[in-house]
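Report on the structure
So you can see what is in the structure, the chains are spelled out below.
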Amino acid sequence: MGESKDNCVFCKIVGGEIPATVVFQDELTLAFMDIGCVNPGHMLVAAKPHVENLQVMGEALAGAMFRSAARAARALEAVYSPAGISVYQANGAAAGQTVFHAHIHVLPRWEHDGLTFTWPVKSPPREELERVAAQLRAAL
Ligand code: AMP
Ligand code: ZN
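Residues numbered from 1 in each chain as written. Chains lettered and ligands numbered in written order. Predicted model: local features only at pLDDT ≥ 70, side-chain atom pairs only at ≥ 80, totals over all residues. Heavy atoms only, no water.

To continue, consider the sheet that holds strand β1 (residues 22-25). Consider a sheet: its strands pair through backbone hydrogen bonds, and that pairing is either parallel or antiparallel. Ordered in space as β1-β2-β3-β5-β4, the five strands form an open sheet in which the pairing is antiparallel. Of all strands in the sheet, those with a lone pairing partner are β1 and β4 (84-88), marking the two edges. Ignoring strand direction, the axes of neighbouring strands in this sheet form an average angle of 20°. One ladder, built from four bridges, connects strand β3 (residues 43-47) with strand β5 (residues 103-109); its direction is antiparallel. Paired with Met43 across the two strands is Val106, which belongs to β5. Relative to β5, helix α2 (residues 59-80) is tilted by about 20°, and along the sheet it contacts β1, β2 (29-33), β3, β4 and β5. (Pairing = 2+ DSSP bridges. Helix = DSSP H or I, 4+ residues; strand = E, 2+ residues; numbered from the N terminus. Axes fitted to C-alpha atoms, helices over the stretch in contact; angles between N-to-C directions. Contact = heavy atoms within 4.5 Å.)

Put into structure tokens, the structure is as follows:
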């Protein structure tokens, strides 16, 4: 499904093979400006190792990713005092992932900024929630 490591645009950014506007980095993550930003300040926090998605991230990397997302959010808060901040992370094409190297979007939000998200709510009975939760617990 995803591109191989050798042909991965974010691996190339991490490796310095193609340009990116880097904001900060640590041992496991790199934060850089999204060239297709939705609002000014829109950053991506990418894993330094090539991992395709959240499901296959090790615990240390998963922790580092969200720590860096929080750091990016604090920088946005300091610079823009935005009306809101969104964190978005897509896993798989059906979820909207277009670059198959794990990353988190962190972007400032404004009222009526044009970013819409449809959230088709279902309201299942409690028994259904319990049944699904039991399945998930067994899979942990
Ligand atoms: P996603 O839909 O979550 O996979 O989003 C991928 C994001 O990567 C998009 O918002 C693109 O604008 C962004 N992107 C793709 N190529 C580059 C690049 N070379 N430098 C910076 N951002 C990029
Ligand atoms: Zn990669």
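After presenting the structure, the write-up continues.
A few words now on the coordination of the zinc ion (ligand 2). With distances of 2.0 to 2.3 Å, the protein atoms coordinating the zinc ion (ligand 2) are Cys8 (SG), Cys11 (SG), His50 (ND1) and His101 (ND1). For the zinc ion (ligand 2), the four donor atoms in the first shell make angles of 103 to 117° at the metal, a pattern classed as tetrahedral. Sequence positions of the donors to the zinc ion (ligand 2) reduce to the motif C-x2-C-x38-H-x50-H. One end of the pair, Cys11, is in helix α1 (residues 9-14); the other, His50, is in the loop between β3 and α2, with 39 residues separating them in the sequence. On the basis of relative accessibility, which here comes to 22%, the residue His50 falls in the partly exposed class. (Donors = N, O, S within 2.8 Å, 3.2 Å for Na, K, Ca; no water. Tetrahedral: all angles 85-135°; square planar, octahedral: opposite > 155°, others 65-115°. Buried < 20%, exposed > 50% of the residue type's maximum accessible area, 1.4 Å probe, protein only.)

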